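# Notes for the structure review
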Amino acid sequence: MIMFIRKRKHTLMMTGLIASSILLISACSVVEQANQSLNYVSGATDYIEQVSTAGADLQELASGAVNNPEVTTQIQEKIDLIQAEASEFSQLTAPAIGESIHENLVSYNTQLTEVVNNFENTIAEQGFTAENWEKTGIPELITNINNLKDPLSGLQGE
């Protein structure tokens, strides 16, 4: 009888230890997922802010570039910044909860990269013109990217 009680106590202790371990592992997983979400939101928000700022700067430079060819160098710098930000963003991994927002951002990012590359080639071949700038679609893409900022910030609370 005493042997039976000892085995039962031992079994209960082991069951408790296993349950505690599973609980601890689950808690760590939840914390890891939360950290991944926060890291993603932070990185994606930085991307949106950098691209938005560069886009606004480009718009302002575009207005002055028509009358001042020296502004083309500054435009090239902003294009380089957008390309660098787009490349850095493409390395982020979205948490499961943010996959749909990430898919939209990736799509806009890809479009923006293509448009910026084409615009860069156009500047190299034809120089900067207001007409070429208006045809790029860059401001609209940046607006689309910027519109994802609010849904993205909503992921921080989830």
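Before any of the text, the structure's been laid out above.
Overview of the structure.

Reading guide: rules and limits
Residues numbered from 1 in each chain as written. Predicted model: local features only at pLDDT ≥ 70, side-chain atom pairs only at ≥ 80, totals over all residues. Heavy atoms only, no water. Helix = DSSP H or I, 4+ residues; strand = E, 2+ residues; numbered from the N terminus. Expected span 1.5 Å × (residues − 1). Buried < 20%, exposed > 50% of the residue type's maximum accessible area, 1.4 Å probe, protein only. Axes fitted to C-alpha atoms, helices over the stretch in contact; angles between N-to-C directions. Parallel < 35°, antiparallel > 145°, perpendicular 65-115°, else oblique. Left-handed = near helix turned anticlockwise from the far one by under 90°. Contact = heavy atoms within 4.5 Å. Nonpolar A, V, L, I, M, F, W, Y, C, P; charged D, E, K, R; others polar.

### Structural notes on helix α3 (residues 99-126)
- Over its 28 residues, α3 runs 40 Å from end to end, which matches the ideal 40 Å to within 8%, given 1.5 Å per residue.
- The set of residues buried in α3 consists of Ile101, His102, Leu105, Asn109, Leu112, Val115, Val116, Phe119 and Ile123.
- Gly127 sits one or two residues past α3 and shows a positive phi near 80 degrees.

### Let's talk about the packing of helix α2 (residues 71-89) against α3
- Where α2 meets α3, the axes come as close as 10 Å, and the angle between the chain directions of the two elements is 150 degrees. What the angle tells us is that α2 and α3 run roughly antiparallel. Like other packed secondary-structure pairs, α2 and α3 cross with a definite hand, here left-handed. Taking contact as the criterion, the partners of Thr72, Ile75, Gln76, Ile79, Asp80, Ile82, Gln83, Ala86 and Phe89 in α2 are, on α3, His102, Leu105, Val106, Asn109, Leu112, Thr113, Val116, Asn117, Phe119, Glu120 and Ile123.
- By residue class, the composition of the contact of α2 with α3 is 11 nonpolar, 7 polar and 2 charged.

### Focus on the packing of α3 against helix α5 (residues 138-146)
- Two elements in contact, α3 and α5, have axes whose closest approach is 10 Å; the angle formed by their N-to-C orientations is 160 degrees. Between α3 and α5, the angle is such that the two are roughly antiparallel. When the axes of α3 and α5 are compared, the crossing they make is left-handed. Where α3 abuts α5, its residues Leu105, Tyr108, Gln111, Leu112, Val115, Val116 and Phe119 lie against Ile138, Leu141, Ile142, Asn144 and Ile145.
- Classifying every residue of the contact of α3 with α5 gives 10 nonpolar, 2 polar and no charged.

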